[in-house]
Amino acid sequence: MKLVYVFDAYCGWSHGFSPTLCEVASRHPELTVDVVSGGLFTGERRVPIREFGHVQGANAKIRELTGAEFGEAYDRLIADGSFVMDSEAAARGVAALRQVAPARAAELAAAAQQAFYVNGLSLSETATYRKIAEQNGLDVDAVAAAFEASAARAAAEADFARAAELGVEGFPTLLAVDGDRVTTLARGHATADEVERRLAAFAAVRAI
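Heads up: these notes are all about the structure in this document. (Residues numbered from 1 in each chain as written. Predicted model: local features only at pLDDT ≥ 70, side-chain atom pairs only at ≥ 80, totals over all residues. Heavy atoms only, no water.)

### Some details on the layout of surface pockets
Item 1. Considering only enclosed or pocket space, the largest pocket measures out at about 250 Å³ in volume.
Item 2. Along its surface, the largest pocket is lined by 17 residues, and Tyr10, Cys11, Gly12, Phe41 and His54 are the ones closest to its centre.
Item 3. Counting only elements with at least two residues in the lining of the largest pocket, the list comes to helix H1 (12-27) and helix H2 (55-66).
Item 4. Broken down by element, the residue count for the lining of the largest pocket peaks at 4 residues, all from H2. (1 Å grid on protein atoms, 1.4 Å probe; cavity = no way out; pocket = protein on both sides within 12 Å on 5 of 7 lines; lining within 4 Å. Points joined across faces, edges and corners; volume = space filled by probe spheres on them. Helix = DSSP H or I, 4+ residues; strand = E, 2+ residues; numbered from the N terminus.)

Take a look at the structure:
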């Protein structure tokens, strides 16, 4: 059995879910956590952030429900309105971090969201991943090279395709997968204890 986490690094609800994901992963070191980027802002949705007028209201709700932090640097991006969230670039970055430290994929996905939502850094820039790598004790040059490599683009497209194959339509979604059996442990918002109860029920059926 393993966990599959489908998220988008530019999704505020995914940012709010990061502590739950990391807590669940820490409780279950025996479970692999596959981190899959979903591709929220691609194609025609890759536009200046000012065109998403609901962002500030959504962030307030996310903060209320999850306690998620939204930093001053990020608030300045929202106020300016010209920043473009590019999920393909963010997915390449997540793929690069995952490639260098696969066992830490959940933790590093949260770090990428911290870089944007707290520190206001673009997830389209190599410098951002250098900073994430440095802060998390990774090989900085290896992460930067992986982000810039053509393989990262292929990995991003593969992630988008996998999210679609899993039938995920909203982010974040946390799944438990055991062979052909798949169950949704969380969608949008859940506490670690709520996920734990659903995971235990799924495992109990497996044991019968």
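### Topic: the pairing of strand E3 (residues 173-178)
Item 1. A large share of E3 lies buried, amounting to 6 of its 6 residues.
Item 2. Neither face of E3 is exposed, since Thr173, Leu175 and Val177 on one face and Leu174, Ala176 and Asp178 on the opposite face are all buried.
Item 3. Where strand E1 (residues 2-7) lies against E3, 5 bridges are found, and the strand directions are antiparallel. Residue pairing in the sheet places Tyr5 in a bridge with Leu174 of E3.
Item 4. Sheet analysis places E3 next to strand E4 (residues 181-187), joined by 6 bridges and oriented antiparallel. Along E4, the bridge assignment pairs Ala176 with Thr183.
Item 5. Taken together, E3 and the strand that follows it, E4, pair antiparallel across an intervening segment of 2 residues, in which Gly179 is found at a positive phi of about 65 degrees. (Buried < 20%, exposed > 50% of the residue type's maximum accessible area, 1.4 Å probe, protein only. Pairing = 2+ DSSP bridges.)

### Topic: the side chain of Thr128
Item 1. By secondary structure assignment, the location of Thr128 is in helix H6 (residues 126-135).
Item 2. Beyond its immediate sequence surroundings of up to four residues, Thr128 is in contact with Ala115, Leu121, Ser122 and Leu123. (Contact = heavy atoms within 4.5 Å.)

### With respect to the nonpolar core
Item 1. Among the nonpolar cores identified, the biggest contains 55 residues, and Leu3, Phe116 and Leu174 are the most heavily contacted of them.
Item 2. Examining the composition of this core, we find that 9 residues originate from one element, helix H5 (residues 105-117), more than from any other.
Item 3. Leaving out residues up to four positions away in the same chain, Leu174 has contacts with Leu3, Val4, Tyr5, Phe17, Leu21, Thr183, Thr184, Leu185, Ala186 and Val195.
Item 4. If you look at the next biggest cluster of nonpolar residues, it comprises 9 residues, including Val6, Val36, Phe171 and Leu175. (Core = buried A, V, L, I, M, F, W, Y, C linked by side-chain atoms within 4.5 Å.)

### A closer look at helix H7 (residues 140-148)
Item 1. Where H7 is concerned, the buried positions are Val143, Ala144, Ala146 and Phe147. Buried residues in H7, looked at end-on, bunch into an arc of 165 degrees, giving them a common side. Along H7, exposed side chains directed more than 90 degrees from the buried face belong to Asp141 and Glu148.
Item 2. The backbone nitrogen of Asp141 lies 3.1 Å from a side-chain oxygen of the residue at the head of H7, namely Asp139. (Arc of directions from axis to C-beta. Polar contact = N/O pair within 3.5 Å; in protein donor to acceptor, adjacent residues only side chain to side chain.)

### A word on H5
Item 1. If you check H5, its first and last C-alpha atoms are 18 Å apart, about what 13 residues at 1.5 Å a residue would give, namely 18 Å.
Item 2. Here H5 lies mainly inside the structure; 11 of its 13 residues are buried.
Item 3. Among all positions in H5, only Ala105, Ala106, Leu108, Ala109, Ala110, Ala111, Ala112, Gln113, Ala115, Phe116 and Tyr117 are buried. (Expected span 1.5 Å × (residues − 1).)

### Regarding the packing of helix H4 (residues 87-100) against helix H8 (residues 150-165)
Item 1. Running from N to C, H4 and H8 point in directions that differ by 105 degrees, and their axes come no closer than 8 Å. One element, H4, and the other, H8, form an angle in the roughly perpendicular class. From H4, Ser87, Glu88, Ala91, Arg92, Ala95 and Arg98 reach across to H8, where they touch Ala152, Arg153, Ala155, Ala156, Glu157, Asp159 and Phe160.
Item 2. Counted by class, the contact of H4 with H8 contains 6 nonpolar, 1 polar and 6 charged residues. (Axes fitted to C-alpha atoms, helices over the stretch in contact; angles between N-to-C directions. Parallel < 35°, antiparallel > 145°, perpendicular 65-115°, else oblique. Nonpolar A, V, L, I, M, F, W, Y, C, P; charged D, E, K, R; others polar.)

### Some remarks on the packing of aromatic side chains
Item 1. With the rule as written, the count across this model stands at 12 aromatic pairs.
Item 2. Measuring from centroid to centroid gives 5.2 Å for Tyr74 and Phe116, while their planes differ by 80 degrees, and the two rings are edge-to-face. Of this pair, Tyr74 sits in helix H3 (residues 72-80) while Phe116 sits in helix H5, and the two are 42 residues apart along the sequence. As far as the burial class goes, Tyr74 and Phe116 line up, both buried.
Item 3. Every member of this aromatic cluster is reached through a ring pair, and the members are Tyr10, Phe70, Tyr74, Phe83, Phe116 and Tyr117.
Item 4. Directly above the aromatic system of Phe202 lies the positively charged group of Arg181, at a separation of 4.1 Å from the ring centroid. (Phe/Tyr/Trp six-rings, centres within 6.5 Å; stacked < 30°, edge-to-face > 60°. Lys NZ or Arg CZ within 6 Å of the ring centre and 35° of its normal.)

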